[in-house]
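Commentary on secondary and tertiary structure
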Amino acid sequence: MIDKYSPLPIYYQIEEAIKGRIEKGELQEGEMIPSEREYAETYGISRMTVRQAITNLVNDGYLTRRKGKGTFVANKKIEQKLVGLTSFTEDMKARGLSPSIKLLDFKLSEAHGKTATGLGIQAGAAVYEIQRVRLADQIPMALETTFLSADLVKGLNEKIVQGSLYQYVEEELGLSIDYATQELEASVAREAESEILGIAKGSPVLFIRRYTCLTDGRPLELVQSIYRGDRYKFIIDMQRG
Ligand code: 16G
């Protein structure tokens with residue numbers, strides 16, 4: 001209920017009311033919320049005030065606006081803690097989601113420039129270049145391009161990379177994965193990426209680069225991933241001192 005005499009601004013009270021309904025599940029993911037006019041009438045306030053509340057909730061990621069359609073409850077993002085070195089398959093399973101893969105490209109080519117340097121191999125040496133869409137419960141989450149030294153990751157084929165790469169590396173090849181360095185950058189989806197990920201062109205995405213090493217010091221992989229900004233959220237715990 002709105003309290004016009006409260007020191008809390010009315011738009012804030014509306015925001016809290018809508019948030020509360022989302023948290024209680026009275027408004028479900030993907031559901032269309034009432035229009036500005038309906039809210040204004042229900043609460044006896046101006047549409048401007050409602051608009052302010054809705055805009056704040058859109059900016060905070062609780063709601064999404066779809067042009068010409070209305071405003072909807074946003075999908076809950078996958079929260080990924082940046083601790084420990086895990087694979088996509090492990091991350092999804094740990095959440096009770098079912099991981100799957102759509103293989104877009106699998107090729108053997110020659111390493112040059114940064115790829116060769118990054119993988120610690122000679123220019124011209126053979127590399128696998130794999131492009132995979134990573135899905136959780138059938139929803140595309142990320143587009144991943146992986147480079148691996150063909151000499152190190154032996155016997156790879158199209159079937160294997162439709163399952164967990166880390167599992168193959170550890171269980172089949174007996175290699176021991178040690179650490180990774182990861183960079184995260186904000187970006188927007190280009191046309192091809194947006195089609196693959198099922199989002200609008202220009203949508204926010206996270207561009208991630210991972211460089212992974214084995215315990216014997218050999219570089220295992222160079223990976224470039226594009227994660228959907230509307231589905232993913234990375235969390236880092238920090239300790240002072
Ligand atoms: C994650 C890693 C990727 C790794 C993959 C292995 C990020 C940004 N990337 O997607 O570097 O190759 O896991 O997953 O986290 P898999 O074992 O399920 O194939």
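For the protein chain, the name recorded in an unreviewed UniProt entry is GntR family transcriptional regulator, with Fictibacillus marinisediminis as its organism.

**Examining the nonpolar core**
Counting 18 residues, the largest nonpolar core has Ile130, Leu148, Val153, Leu156 and Leu220 as its most contacted members. Elements supplying a minimum of two residues to this core: β4 (99-110), β5 (126-136) and α6 (165-172). If we ignore the near neighbours within four places in the chain, the residues touching Val153 are Tyr128, Leu148, Tyr168, Val169, Leu173 and Leu220. Residues Ile2, Ala40, Tyr43 and Ile45 belong to the second largest nonpolar core, which totals 16 residues.

**Regarding the site of the ligand**
Neighbouring residues of the ligand: 17 residues in total, closest Thr89, Glu144, Ser164, Arg210 and Glu221. A distance of 2.9 Å separates an oxygen atom of the ligand from a polar side-chain atom of Arg132. When isolated, the ligand has an accessible area of 450 Å², and the protein chains bury 98% of it. Of all elements in the fold, only α4 (88-94), β5, α6, β8 (204-214) and β9 (219-228) reach the threshold of two or more residues within the shell around the ligand. Looking at the shell around the ligand element by element, the count peaks at four residues for β9. Of the residues belonging to the shell around the ligand, the class tally is six nonpolar, six polar and five charged.

**Quick word on α6**
Listed as buried for α6 are Leu165, Tyr166, Tyr168 and Val169. The buried residues of α6 all sit within an arc of 165° when viewed along its axis, so they share a single face. Looking at α6, the residues exposed on the side facing more than 90 degrees away from the buried face are Glu171 and Glu172. Elements that come into contact with the buried residues of α6 comprise β5, β6 (139-149), β7 (177-188), β8 and β9. Following α6 by one or two positions, Gly174 adopts a phi angle in the positive range, close to 70°.

**Digging into the side chain of Ser225**
Along the chain, Ser225 turns up in strand β9. Classification of Ser225 by relative accessible area gives buried; the value is 5%. Leaving out residues up to four positions away in the same chain, Ser225 has contacts with Leu143, Glu144, Leu206, Phe207 and Ile208.

**Section: the sheet that holds β6**
Taken in spatial order, the six strands make up an open sheet running β4-β5-β6-β9-β8-β7, and their pairing is antiparallel. Looking at which strands have only one partner, the edges of the open sheet turn out to be β4 and β7. Neighbour to neighbour, the strand axes of the sheet diverge by 15° on average, direction disregarded. Contacting β5, β6, β7, β8 and β9, α6 crosses the sheet at an angle of about 160° to β9.

**With respect to the domain arrangement of the protein chain**
Note on interface size: it is often stated as the accessible area lost on association of the parts. The domains assigned to the protein chain are domain 1 (10-73) and domain 2 (78-235). Distance from the C-alpha centre of domain 1 to the C-alpha centre of domain 2: 37 Å.

**Digging into a negative patch on the surface**
Residues Glu90, Glu170, Glu171 and Glu172 make up a contiguous surface patch of negative charge. The element that contributes the greatest number of residues to the negative patch is α6, accounting for three residues. Within the secondary structure layout, Glu172 lies in helix α6.

**Here's the deal with the pairing of β9**
Most of β9 sits inside the fold, with nine of its 10 residues counted as buried. Direction of pairing for β6 relative to β9: antiparallel, over a ladder of seven bridges. Paired with Leu148 across the two strands is Glu221, which belongs to β9. With nine bridges joining them, β8 and β9 adopt antiparallel strand pairing. Each bridged residue has a counterpart across the sheet, and for Leu206 the counterpart in β9 is Tyr227.

**Some points on the environment of Glu36**
Of note, Glu36 is situated in helix α2 (residues 36-43). We classify Glu36 as buried; its relative accessible area is 18%. Placed 45 residues apart in sequence, Glu36 and Lys81 show a C-alpha to C-alpha distance of 36 Å. Other than its neighbours up to four places away in sequence, Glu36 contacts Arg47, Val50, Arg51 and Ile54. Here Arg51 takes part through its side chain, which lies 3.0 Å from a polar atom of the side chain of Glu36.

Criteria and cut-off values
Residues numbered from 1 in each chain as written. Predicted model: local features only at pLDDT ≥ 70, side-chain atom pairs only at ≥ 80, totals over all residues. Heavy atoms only, no water. Core = buried A, V, L, I, M, F, W, Y, C linked by side-chain atoms within 4.5 Å. Buried < 20%, exposed > 50% of the residue type's maximum accessible area, 1.4 Å probe, protein only. Helix = DSSP H or I, 4+ residues; strand = E, 2+ residues; numbered from the N terminus. Contact = heavy atoms within 4.5 Å. Near = heavy atom within 4 Å. Polar contact = N/O pair within 3.5 Å; in protein donor to acceptor, adjacent residues only side chain to side chain. Areas by Shrake-Rupley, 256 points an atom, 1.4 Å probe, with all protein chains shown as cover. Nonpolar A, V, L, I, M, F, W, Y, C, P; charged D, E, K, R; others polar. Arc of directions from axis to C-beta. Pairing = 2+ DSSP bridges. Axes fitted to C-alpha atoms, helices over the stretch in contact; angles between N-to-C directions. Domains from an automatic or database assignment. Patch = residues over 30% accessible without salt bridge, like charges linked within 9 Å, V, L, I, M, F, W, Y side chains within 5 Å. Salt bridge = Lys/Arg side-chain N within 4 Å of Asp/Glu carboxyl O. Lys, Arg positive; Asp, Glu negative; His and termini not counted. Charge placed at Lys NZ, Arg CZ, Asp CG, Glu CD.

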